[in-house]
Amino acid sequence: MTTEHERDTPAGPGPTTDGTGTTALTTEAAPTPTRTPTPTPTPVPDPLTAPTGPTAPSAPKALFSQAVTQGIPTLYAPRPGEITAGIFFRVGRADETLATSGITHLVEHLALHHLGLSDLHYNGTTSNTYTHFHVTGTQAEVVTYLNTVCAALRDLPLDRLETEKEILRTEAAGRGNGPDAQLPLWRYGAQGYGLSSYSQLGTWTLTPDQVRDWARTRFTRDNAVLWITSAEIPAGLDLTLPVGTRIPAPAASSTLPVTPAFIHGDDGHVVFDAVLRRSTAAAVFAEVLSRALFQDLRQEGGYSYTAQADYRPRDADFATLTAYADALPKKQDAVVGGFVDAFARLRAGRVEQSELDAVRGKMLKMYDTPDLGAAMLPSDALNLLTGHPILSPEEHRAELAAVTVADLREVARAAWADGLLQVPGRGADWAGCAQAPRYSESAVTGTRHQSLEDERCTLVIGAEGVSLTTPGGPVTVRYDSVAAMTTRPDGARSLTGLDGFHLAIEPTLYRGVTEERIAAVDARVPAAARVPLPARDAEQIPQPSEPKASGPKARRPRWRAALRGLPFGLVALVVVDTVFGLGILFSVVHEATVAEPHWSRFLRLFLPTVLLVHYTRRAYHRHRHARG
C-alpha cells in the first residue's frame, strides 16, 4: 500500500565524472553506455561541459568548420591521430511517455546491432534530451560505423525487437540507482524530465510499428548534427535519413507548488538540485559551491567524504545545479546543517574574491587543451542541435572576467529559491523549506473497499479515478491524467499519475474488489496508458497480513469499527427492530389475559415485525452493494 509518491526503480546511473575531473551526481548528464565492445582509446569529450553563454554568436571563428552532409549540419576540426566522430539526434527519454518509456533506447540498441561483433571502438548513449552515436578509428572505420548506423535507422532489424527488449530489462535490473535518482520524479512528475526516475515500461509492450514510427519521425536528418575530428568530411559517407523537422526539447512540467522544498531520502545521502538559467555565472557558482561544501563538510567538519556540486545543461535555456554530500548515520543532521549553512553564506554574498579568482583560473585552464577546436566539437554540436548559442574562447574569457561576487550571490539566491533538498532523518522545515506534497488535494467518490491490513485505509474506485484514503490524506490518480497503468492477469492494477502519485489495486488486499470493479477501472483508463505485465507466481501475489495494532484506537474491537462504517438509517432501523422485539416479548409474557391469550397477541404483532425485518434487510443489502 503506497501512501505517497511511488519510488519506482529509477533508471539513472550513480556518480559519474564530468569534463573537469570532479565527480558529478546526475541522471541526465551522464547517460549509461549501452555497448562498448572494446575499450575506446580516445575518450569522447563530454558534450555538456563546454563554455556557453546567452549572447554568443552561433559559430565561433577558427575553432571549427561547418558543412551540410546529405542534409545533416556538420561540424569538423582537425586533430592528429585517429578520427573521432559522432552524430547527435534531438530525441531522448524526456520526449517519451511513461507507458512508452524506453522506446528511444530500443532504437539505439537496434541501430547498433549489426556492429556487435566488429572491432570498432564505438558507443551509443540515450539521455533525457538527445541520443548520441560515436566512434573512434581510421577514416574507413568511421565511415563504416556512421553508414551502418544510418542504414539501420532507415530499416531497423525489428526481428530483434523482443530480444533487445529483454536485454534492456536485464540492463536496468543490474544497474544501481544514484542517490539523486528520485529527485526528477518529485520535481517533474511522471512525465518529461521526470521519466529518468522510472523503469522503462515500454520494454514490455512496444510493438514493431511503434518503434519503426519513432525512428522514422525522430531520427531524421533535420533532427541531427554530425561532428568529426578531421580536416575534411570523409569520402564515402552515406548518411541518408528521412526528411523531418528539428524537434525542440520538451517544456518542463512541475509538481512542486512551493520552493524551496524538501523530501525524505535514504540514510547517508544529502542531495540538492535547482533549475537555473544557463549562464557563465551559474557555471562559476557551481564550482564555488563545490569548494564551499568540500571545505565546510570535509576539511573543517569532517562529516563527509564526498561533498561537491555540479552544473549540467538541461535544454537550450536551463541547466540543473546538483549538490551532494554523504554522511554516516550519526552525522546526518550535522551534514544537513552544514549544507544549509554553506548556501546561507553564499546567498549573503560572503565569498572571498580569492575563491572566485581560483575558480576562474581553473575554468580558464580548459583553453590549454591541445587541439581545442576538436575537443570542443561534441559540446558545440549539442548546442547547435538544441539551439543554444556557442561562445568563442574570447567571448567565454570575457564573460568569465566579468563575473563578480555580486553575480554569485544572485545565482545562490536563485538556486535556493528553486531548490529541492533531499534529506535523511528529520525534515528541513526549520531551514525554510516546505515539505513536497505527499498526498493529493482531494479524493474521488465511488465504491469503497476497506483495506484488509489497515482498517484506517480505504480504496475508492470511482467514475473519475481511484483514490486511497489514509490517516495522513488521500492519494488520487484520475483517469484523465494517468501516465501509465500496469495490469496483471490476477487482477492487480498499478496506476501512476502525471503528477507522480502512485497507487496499487491488489484485489487480495481490499474487501470487495471484484472483477467487475477492475473492469470498471480498465474501461476508463486510456488504452495508450495501459501496460500489460506477465502473470506472477502464486507466491508473488500479496496476501493480507494480520492487522497491526497502533495505539488505543487500533485496539478497539472490530465490531466497533464495523458499526462506525454503517449508515445512520440502517443503524436506526436496527435499533427500532430491537426495541420493537423486546416490546413484543414483554407484551406476550406479562400482559396476556384470558380474553386475549398469548397466541392471539403474538399473531397480531407478527405482521409489523416481518415488515420491519424486511426493510432492515433491504437497507443492509443496499449498503453492502454500495461498498462493493
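Preceding this section is the structure that the text describes.
Residues numbered from 1 in each chain as written. Predicted model: local features only at pLDDT ≥ 70, side-chain atom pairs only at ≥ 80, totals over all residues. Heavy atoms only, no water.

Asker: Looking at this structure, I do not really get the sheet that holds strand β3 (residues 65–69). What am I missing?
Answerer: In any sheet, the strands associate via hydrogen bonds between backbone groups, in a parallel or an antiparallel arrangement. The strand order across the open sheet formed by six strands is β3-β4-β8-β5-β7-β6, and the pairing between neighbours is mixed. Edge positions in the sheet fall to β3 and β6 (121–126), since each has one partner strand and no second. Averaged over all pairs of adjacent strands, the angle between strand axes in this sheet comes to 15°, irrespective of strand direction. Of the strands in this sheet, β5 (83–89), β6, β7 (131–137) and β8 (224–228) are in contact with helix α2 (residues 139–154), which crosses β7 at around 155°. (Pairing = 2+ DSSP bridges. Helix = DSSP H or I, 4+ residues; strand = E, 2+ residues; numbered from the N terminus. Axes fitted to C-alpha atoms, helices over the stretch in contact; angles between N-to-C directions. Contact = heavy atoms within 4.5 Å.)

Asker: Explain the pattern of salt bridges here, please?
Answerer: Oppositely charged side chains are able to pair whenever their charged atoms sit close together. With the rule as written, the count across this model stands at 24 salt bridges. Arg 314 is paired through a salt bridge with Asp 315; the nearest N and O atoms lie 3.0 Å apart. No difference in accessibility class separates Arg 314 from Asp 315, as the two residues are buried. The partner of Glu 355 in a salt bridge is Arg 345, and the shortest N-O contact between them spans 4.0 Å. Highlighted residues: Glu 355 in helix α9 (residues 353–364) and Arg 345 in helix α8 (residues 332–347), separated in sequence by ten residues. Under the relative-accessibility criterion, Glu 355 is labelled buried at 15%. When salt bridges with common partners are traced through the structure, they connect Arg 90, Asp 95 and Arg 218 into a single cluster. (Salt bridge = Lys/Arg side-chain N within 4 Å of Asp/Glu carboxyl O. Buried < 20%, exposed > 50% of the residue type's maximum accessible area, 1.4 Å probe, protein only.)

Asker: How do you make sense of helix α14 (residues 515–524) when you look at a structure like this?
Answerer: Three or four residues apart is the spacing at which side chains of an α-helix point the same way, because the helix has 3.6 residues per turn. Those residues of α14 that sit buried are Ile 518, Ala 520, Val 521 and Asp 522. Check the buried side of α14 and you find it contacts β16 (458–462), β17 (465–469), β19 (482–487), β20 (493–497), β21 (502–505) and β22 (530–532).

Asker: Teacher, can you tell me more about the packing of aromatic side chains here?
Answerer: Given two aromatic rings, one states the distance between the centres and the angle between the planes to describe the pair. Scanning the entire structure with this criterion turns up nine aromatic pairs. With a centroid separation of 6.2 Å and an interplanar angle of 80°, the aromatic rings of Phe 89 and Phe 133 are classed as edge-to-face. You can see Phe 89 sitting in strand β5 and its partner Phe 133 sitting in strand β7, a full 44 residues away along the chain. The residues Phe 89 and Phe 133 share a single accessibility class, namely buried. Arranged with centres 5.4 Å apart and planes meeting at 45°, the rings of Phe 343 and Trp 416 form a pair that is tilted. Highlighted residues: Phe 343 in helix α8 and Trp 416 in helix α13 (residues 405–417), separated in sequence by 73 residues. A single burial state applies to Phe 343 and to Trp 416, both of which are buried. Joined through ring pairs, the aromatic side chains of Phe 272, Phe 285, Phe 343 and Trp 416 make up one cluster. (Phe/Tyr/Trp six-rings, centres within 6.5 Å; stacked < 30°, edge-to-face > 60°.)

Asker: I tried to follow the nonpolar core on my own but got confused; where do I start?
Answerer: The tendency in soluble globular proteins is for nonpolar side chains to be buried as a group. Residues Phe 272, Val 284, Phe 285, Leu 289, Phe 339 and Leu 421 are the most contacted members of the largest nonpolar core, which totals 48 residues. Looking at this core, the elements that each hand over two or more residues are β10 (269–277), α7 (280–300), β11 (307–313), β12 (318–326), α8, α9, α13 and β13 (420–423). No other element matches α7, which puts eleven residues into this core. Ignoring anything within four residues of it in the chain, the contact list for Phe 272 reads Leu 321, Thr 322, Ala 323, Phe 339, Phe 343, Ala 415, Trp 416, Gly 419, Leu 420 and Leu 421. Within the second largest apolar cluster, 41 residues are counted, among which are Ile 87, Leu 115, Val 143 and Leu 146. (Core = buried A, V, L, I, M, F, W, Y, C linked by side-chain atoms within 4.5 Å.)

Asker: Explanation requested: the pairing of β16 in the structure shown.
Answerer: Residues in a regular strand project their side chains so that they alternate between the two faces of the sheet. Along β16, five of the five residues are buried, which leaves the element largely enclosed by surrounding structure. Alternating positions in β16 separate into two faces, Thr 458, Val 460 and Gly 462 on one and Leu 459 and Ile 461 on the other, with burial throughout. Across five bridges, strand β15 (residues 446–450) lies against β16 in antiparallel orientation. Bridge pairing in β16 links Arg 448 to Val 460. Both β16 and β17 contribute to a ladder of four bridges, which runs antiparallel. In the sheet register, Leu 459 faces β17, and the bridge partner there is Leu 468. Counted between consecutive antiparallel strands, the loop separating β16 from β17 contains two residues.

Asker: Sorry, what's going on with unusual backbone geometry here?
Answerer: It is generally the case that most residues other than glycine have a negative phi and that most peptide bonds are trans. Across the junction of Thr 259 and Pro 260, the peptide omega takes the value 0°, indicating a cis bond. Residue position: Pro 260 is located in the loop between β8 and β9 (261–264). Even without a glycine there, the phi angle at Asp 371 is positive, about 50°. In this structure, Asp 371 sits in the loop between α9 and α10 (372–375). The exposure class assigned to Asp 371 is partly exposed, which follows from its relative accessible area of 36%.

Asker: So what exactly am I meant to see when it comes to the environment of Gly 465 here?
Answerer: Its place among the elements puts Gly 465 in strand β17. A residue is classified by how much of its surface remains accessible, and Gly 465, at 0% relative accessible area, is buried. In this structure, the C-alpha to C-alpha distance between Gly 465 and Val 482, residues 17 residues apart in sequence, is 9.1 Å. Apart from residues no more than four positions distant in its own chain, Gly 465 is found in contact with Val 444, Val 460, Val 477, Arg 478 and Tyr 479.

None of the figures reported here should be taken as evidence of function without further support.
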